[in-house]
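# Structural overview for review
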Amino acid sequence: AYTWSEVSTSCCRYVLTMEWVEGTKAPWGEDALRLIDVGIQCTLRQLLDAGFFHADPHPGNLLRTVDGRLAYLDFGMMSQVRTFPLSFATAAELK
C-alpha cells in the first residue's frame, strides 16, 4: 500500500508521490468498530471540509496500519463536491 501527497514543483502544479505502508486489510477484529468510526469521520471531513473525496472506500481499499491508524488505498476513483448558493441555484445547475 502507498500513501500520496501533493508536492508543488516548478514544472507542473502537482506531482503524485507514493510511499509503502505496512498494515492489514479488514476484518480488524476488536479494532473494527473504532476504525469504522475513523473511516466515517474521514469521509465526512473529505466531503464537507475538502469537497474532494475517495469515491471507493470498500474494505479492500482500507488498511489498518501497524500503529493502529486507518490508511486509504487506491486513489483511482476520486470525486469532487460542487457547491452552489442554493438560494440562487436552478434545477439545471444541480444536475
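Overview of the structure. Note that the coordinates shown come from a computational prediction; the quantities given were computed from them, not determined experimentally. Counting from 1, residues in each chain are numbered in the order their sequence is written. Thresholds applied to this predicted model are a pLDDT of at least 70 for local features of residues and 80 or more for the giving and counting of side-chain atom pairs; totals over whole chains, interfaces and linings are not thresholded and use all residues. Values shown for side chains rest on all heavy atoms present in the structure; no hydrogens or waters enter the calculation.

Quick look at the sheet that holds strand S3 (residues 23-25) now. Strand order in the open sheet formed by three strands is S3-S5-S6, and the pairing between neighbours is antiparallel. Strand pairing shows two members of the sheet lacking a second neighbour, S3 and strand S6 (70-72), which therefore form its edges. On average, each strand axis in the sheet is tilted by 35° relative to the strand beside it, whichever way the strands run. As paired strands, strand S5 (residues 62-65) and S6 are joined by three bridges and run antiparallel to one another. Paired strands are those between which DSSP finds at least two bridges. Numbered from the N terminus, helices here are DSSP runs of H or I no shorter than four residues, and strands are runs of E no shorter than two. Think of each axis as a best-fit line through the C-alpha atoms, taken over the contacting stretch in the case of a helix, with angles from 0 to 180 degrees between the N-to-C directions.

For the rest of this paragraph, the subject is the pattern of salt bridges. Think of a salt bridge as a Lys or Arg side-chain nitrogen and an Asp or Glu carboxyl oxygen that are within 4 Å of each other. Per the counting criterion, the structure on display carries three salt bridges. Note that Arg69 is salt-bridged to Asp67, the shortest N-O span being 3.1 Å. Each member of the pair Arg69 and Asp67 is classed as exposed. Because the salt bridges share partners, they merge into one network encompassing Asp31, Arg34 and Arg64. Per-residue accessibility, obtained with a 1.4 Å probe over protein chains only, is compared with the maximum for each type, and a residue is labelled buried under 20%, exposed over 50%, and partly exposed between these values.

Here we take up the pairing of S5. Judged from the three bridges that link them, S3 and S5 form a sheet pairing that is antiparallel. Bridged to Thr24 within S5 is Arg64. Where S5 folds back on S6, the antiparallel hairpin that results is connected by four residues, among which Gly68 adopts a positive phi of roughly 90°.

Another aspect to go through is unusual backbone geometry. With omega at 5°, the peptide bond leading from Ala26 into Pro27 counts as cis. Inspection of the secondary structure puts Pro27 in the loop between S3 and helix H1 (32-50).

The next point concerns a nonpolar patch on the surface. The patch calculation keeps residues exceeding 30% relative accessible area without a salt bridge and links them within 9 Å when they carry like charges or within 5 Å when they are nonpolar (Val, Leu, Ile, Met, Phe, Trp, Tyr). Method for areas: the Shrake-Rupley scheme with a 1.4 Å probe, in which residue coverage is limited to the protein chains shown. On the surface, a nonpolar cluster with roughly 660 Å² of combined accessible area is contributed by Leu33, Ile36, Ile40, Leu44, Leu47, Leu48 and Val81. Relative to the assigned elements, Leu33 resides in helix H1.

Looking at where Thr65 falls in the secondary structure, it is placed in strand S5. Given a relative accessible area of 8%, Thr65 falls into the buried group. In terms of polar contacts, Thr65 uses its side chain to reach the side chain of Asp67, at 2.5 Å. Between two residues, a contact is recorded if the distance between any of their heavy atoms is within 4.5 Å. When residues no more than four places from it in sequence are discounted, the contact partners of Thr65 are Val21, Glu22, Gly23 and Ala71. N or O atoms within 3.5 Å of each other form a polar contact, as long as, within protein, one can give a hydrogen and the other can take it, and as long as residues adjacent in sequence are counted only when both atoms are side-chain atoms.

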